[in-house]
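# Examining the three-dimensional arrangement
Listed below are the residues making up each chain.
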Amino acid sequence: MYGRIKRLIDDPEEKFGYPYIILRESLKSFKRNNGLETSATLAFFGFFSLIPLLILIVYILSNVVLSSQAAAKGIEQLTGQIFPAYHKVLLREVYTVARQRTWGFLSLIALFWAVTPLASSLRYAFLRIFKEEWDAPYWKNKLVNAFAVFIILVLFIGVILSEVFYASLVTPYAKQSGFLLRVFNFIAAPVLTTLVIALFYLIFCPVKLKFTNLMAGSFITAALWLTTKPVFLLFLKINPNYGVAFGSLKAIFILIIWVYYQFVVILFGMEIMANIRRREALLLSGLLQKSTVPKKGPGKIMDRFARSYSRGEVVCREGEEGVDMYYVLSGTVEIRRKDKSLRVMKEGEYFGEMAMLIRTPRTATAIALEDDTRLIRIGEDNFETILRENPKIVHSILKEMAERVKKTNELLEDFEREKGARG
């Protein structure tokens, strides 16, 4: 029992597998991508985008879709959920600004454009998380940012309309079905929050995600958001003087702090989705950074990648198209060119990367020398991800390739000399 507990402490991957690896790597990548600093930047843009965004929502709902009273109620419900503390202060400022003037077309465009810096910051934050590049003209960037703001506006209005519609349906039956209604709300809240977050991620995610990956990351983000909300309110209740040093600006200070924490949650959720997407590359990169690994791999996860070869079985042949590289998990593999043995690859070593990288035919044949030789095949997609995100591995592989070329040339020179001496 003690031995098993010790193994779990020393190697938690043995027990928890992919979830542990993804969580660990998400924490590392969040720190590596300066998640806290980025959240602070987004909180700044987010807070100063709130007023224009809410004014636009008030204008559209009150003048186009709903009555002023229904719109005000729906907006209050939404802001109460998103900003649990001092949301009434925020709404009071919004309504004060909204009533002080008549908003013409140009004014609405100005309000709309004031939200685009937030959209731009979000897009570039997510590009950095997914290690993607966006090299587009200035006008195209602005157009994409404007489209993102439009989608956000539609999303907010859609949520408010659903709140109003739901309230109109439920109110007549609230007294008769109080318990059932509470149960339904308890279940519906995380489900709807997850769906809204998933839609938000779809707007800004720079890559195409599998549905399962999107929903997994959205669910984790929703769980963190629903957890931080009561914790933050409890903190304010325990510390009623929090932010009192800012005097009349206390409400603004607390709102900015709350927005900051929400962006921390959003960015961390995106880190999780990015690492779920590249989970295989995360695991395989660990192999290329270690000289040896356990024969069954950490947590036996390697079994899904490994293939066993019998003694004398050909792994790849000279002249074949090289689309993969191989890592020796156990056993030995001989690298031969024609009748000449070039090298014997042992556990913890890899081969075939050169043909894969430059997409040329194999220059040698690989043959298993032992029964139950277990190899892991690394595809081009995973290898590119590994190289892009691990500069140390790039240096290591380049050094290894240079040494192999040198040794191969020396062997061929010796072979030619021996052949010349015999001739």
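Residues numbered from 1 in each chain as written. Predicted model: local features only at pLDDT ≥ 70, side-chain atom pairs only at ≥ 80, totals over all residues. Heavy atoms only, no water.

### Section: the overall build of the chain
The condition that has to hold: A run of H or I in DSSP becomes a helix once it reaches four residues, and a run of E becomes a strand once it reaches two; helices and strands are each numbered from the N terminus. Contacts: residue pairs with any heavy atoms within 4.5 Å of one another.
In terms of helices and strands, the chain carries 16 helices and eight strands. The long-range fraction of contacts in the chain, counting pairs at least 24 apart against all pairs at least 6 apart in sequence, stands at 77%.

### Here's the deal with the packing of aromatic side chains
Aromatic rings considered in pairs are described by the distance between their centres and by the relative angle of their planes. Note the cut-off: The pairing test for Phe, Tyr and Trp rings, Trp by its six-membered ring, is centres within 6.5 Å, and the orientation test on the planes gives stacked under 30 degrees, edge-to-face over 60, and tilted for anything in between. Summary of the burial criterion: residues with accessible area below 20% of their type's maximum are buried, those above 50% are exposed, and those between are partly exposed, where the area comes from a 1.4 Å probe applied to protein chains only. Criterion for a charge above a ring: Arg CZ or Lys NZ at most 6 Å from the ring centre, at most 35 degrees from the ring normal.
Applying the stated rule across the entire model yields 15 aromatic pairs. Measuring from centroid to centroid gives 6.1 Å for Phe200 and Tyr201, while their planes differ by 55 degrees, and the two rings are tilted. With respect to class, Phe200 is no different from Tyr201; both count as buried. Site record: aromatic cluster; members linked through ring pairs are Phe44, Phe45, Phe47 and Phe48. Directly above the ring of Tyr124 sits Arg123, whose terminal nitrogen or CZ lies 5.5 Å from the centroid.

### Details of a nonpolar patch on the surface
We count it as follows: A patch consists of residues exposed above 30% relative accessible area that lack any salt bridge, with like charges linked at up to 9 Å and nonpolar side chains (Val, Leu, Ile, Met, Phe, Trp, Tyr) linked at up to 5 Å. Each accessible area is a Shrake-Rupley estimate made with a 1.4 Å probe; only the visible protein chains count as cover when residues are assessed. By definition, a salt bridge exists where a carboxyl oxygen of Asp or Glu is found within 4 Å of a side-chain nitrogen of Lys or Arg.
A cluster of nonpolar residues, Val183, Phe186, Ile187, Val191, Leu192 and Leu195, forms a patch on the protein surface that exposes about 580 Å² of accessible area. You can see Leu195 is positioned in helix α10 (residues 178-204).

### Section: the sheet that holds strand β8 (residues 373-379)
Note the threshold: When DSSP finds at least two bridges between two strands, those strands are taken to pair. Axis definition: a line fitted to C-alpha atoms, limited for helices to the stretch in contact. Angles are taken between N-to-C directions and run from 0 to 180 degrees.
Read from one edge of the open sheet, four strands run β1-β8-β3-β6, paired in antiparallel fashion. The open sheet is flanked by β1 (306-309) and β6 (350-351), the only strands paired with a single partner. Of the strands in this sheet, β3 (324-330) and β8 touch helix α15 (residues 380-389), which is tilted by about 75 degrees from β8.

### What to know about unusual backbone geometry
One non-glycine residue, Asn34, lies in the positive phi region at around 55 degrees. Relative to the helices and strands, Asn34 is located in the loop between α3 (18-32) and α4 (35-65). Positive phi, close to 55 degrees, is recorded for Asp372, a residue that is not glycine. Structurally, Asp372 is set in the loop between β7 (365-368) and β8. Asp372 sits in the partly exposed class, given a relative accessible area of 48%.

### With respect to the packing of helix α11 (residues 211-238) against helix α12 (residues 250-277)
A pair of packed helices is captured by two measures, namely the crossing angle of their axes and the spacing between those axes. Heads up, the rule is: The scheme is simple: roughly parallel for angles under 35 degrees, roughly antiparallel for over 145, roughly perpendicular for 65 to 115, oblique for anything else. Handedness of a crossing is defined here by the sense of rotation of the near helix relative to the far one, left-handed for an anticlockwise turn of less than a right angle and right-handed for a clockwise turn. Only Asp, Glu, Lys and Arg are considered charged in this grouping, and only Ala, Val, Leu, Ile, Met, Phe, Trp, Tyr, Cys and Pro are considered nonpolar; every other residue, Gly among them, is considered polar.
It is at 9 Å that the axes of α11 and α12 come closest, and there the two elements cross at 155 degrees. In terms of their interaxial angle, α11 and α12 are classed as roughly antiparallel. Considering the relative orientation of α11 and α12, their crossing is right-handed. Its residues assigned to classes, the contact of α11 with α12 comprises 17 nonpolar, seven polar and two charged.

### A few points about the confidence of the model for the chain
Inclusion rule: In predicted models, pLDDT denotes the confidence assigned by the predictor to each residue on a 0 to 100 scale.
Chain-level pLDDT for the chain is 80 on average; 83% of the residues reach the 70-or-more range. For residues 1-11, every residue scores under 50 in pLDDT, and the model assigns this stretch seven contacts once sequence neighbours within four places are set aside. Every residue in residues 291-299 is under pLDDT 50, and counting partners more than four places away or in other chains gives 24 contacts.

### Some thoughts on the pattern of salt bridges
Taken as a whole, this structure holds six salt bridges when the rule is applied. We note a salt bridge from Glu25 to Lys28, for which the minimum N-O separation is 3.9 Å. Of this pair, Glu25 and Lys28 both sit in helix α3, three residues apart, roughly one helical turn. The residue Arg336 makes a salt bridge to Glu334 at a minimum N-O spacing of 3.0 Å. The network of salt bridges with shared partners includes Arg24, Glu25 and Lys28.

### Structural notes on the side chain of Glu334
Convention followed: We define a polar contact as two N or O atoms separated by no more than 3.5 Å, with the added condition that, inside protein, one atom must be a possible hydrogen donor and the other a possible acceptor, whereas residues neighbouring each other in sequence contribute only through side-chain atom pairs.
Along the chain, Glu334 turns up in strand β4 (residues 333-337). Side chain to side chain, Glu334 and Arg336 meet in a polar contact 3.0 Å long. Other than its neighbours up to four places away in sequence, Glu334 contacts Ser341, Arg343, Val344, Thr365, Ala366, Ile367 and Leu369.

### A closer look at the side chain of Asn33
On the secondary structure map, Asn33 appears in the loop between α3 and α4. Setting aside chain neighbours within four positions, we find Asn33 in contact with Thr38, Arg128, Ile129, Lys131 and Glu271.

### A few points about the sheet that holds β7
The antiparallel open sheet is built from four strands, whose spatial order is β2-β7-β4-β5. Every interior strand has two partners, whereas the edge strands, β2 (314-316) and β5 (340-345), have only one. Averaged over all adjacent pairs, the angle separating strand axes in this sheet is 30 degrees, with direction ignored. By the bridge criterion, four bridges tie β4 to β7 in an arrangement that is antiparallel. Following the sheet pairing, Ile335 is matched in β7 by Ala366.

### Quick look at the environment of Phe44
If you trace the backbone, Phe44 turns up in helix α4. The exposure class assigned to Phe44 is partly exposed, which follows from its relative accessible area of 49%.

### A few points about helix α6 (residues 87-99)
The cut-off we apply is this: To estimate how far a helix should extend, the number of its residues minus one is multiplied by 1.5 Å. It is the directions from the helix axis to the C-beta atoms that the arc portrays.
The end-to-end C-alpha distance of α6 is 18 Å, a good match for the 18 Å that 13 residues give at a rise of 1.5 Å each. Buried residues of α6: His87, Leu90, Leu91, Val94, Tyr95 and Ala98, and no others. In an axial view of α6, the angular spread of the buried residues amounts to 130 degrees, which keeps them on one side of the axis.

### Looking at the nonpolar core
For soluble globular proteins, nonpolar side chains are generally found buried alongside one another. Which entries qualify depends on this criterion: Take the buried Ala, Val, Leu, Ile, Met, Phe, Trp, Tyr and Cys residues and link them wherever side-chain atoms come within 4.5 Å; each set so joined is a nonpolar core.
By size, the foremost hydrophobic cluster in this structure holds 74 residues, and its most contacted members are Ile57, Phe126 and Tyr201. No other element matches the 17 residues that α12 contributes to this core. Once you skip the residues sitting within four places of it in the chain, Ile57 turns out to touch Ile75, Leu153, Phe156, Ile157 and Ile160.

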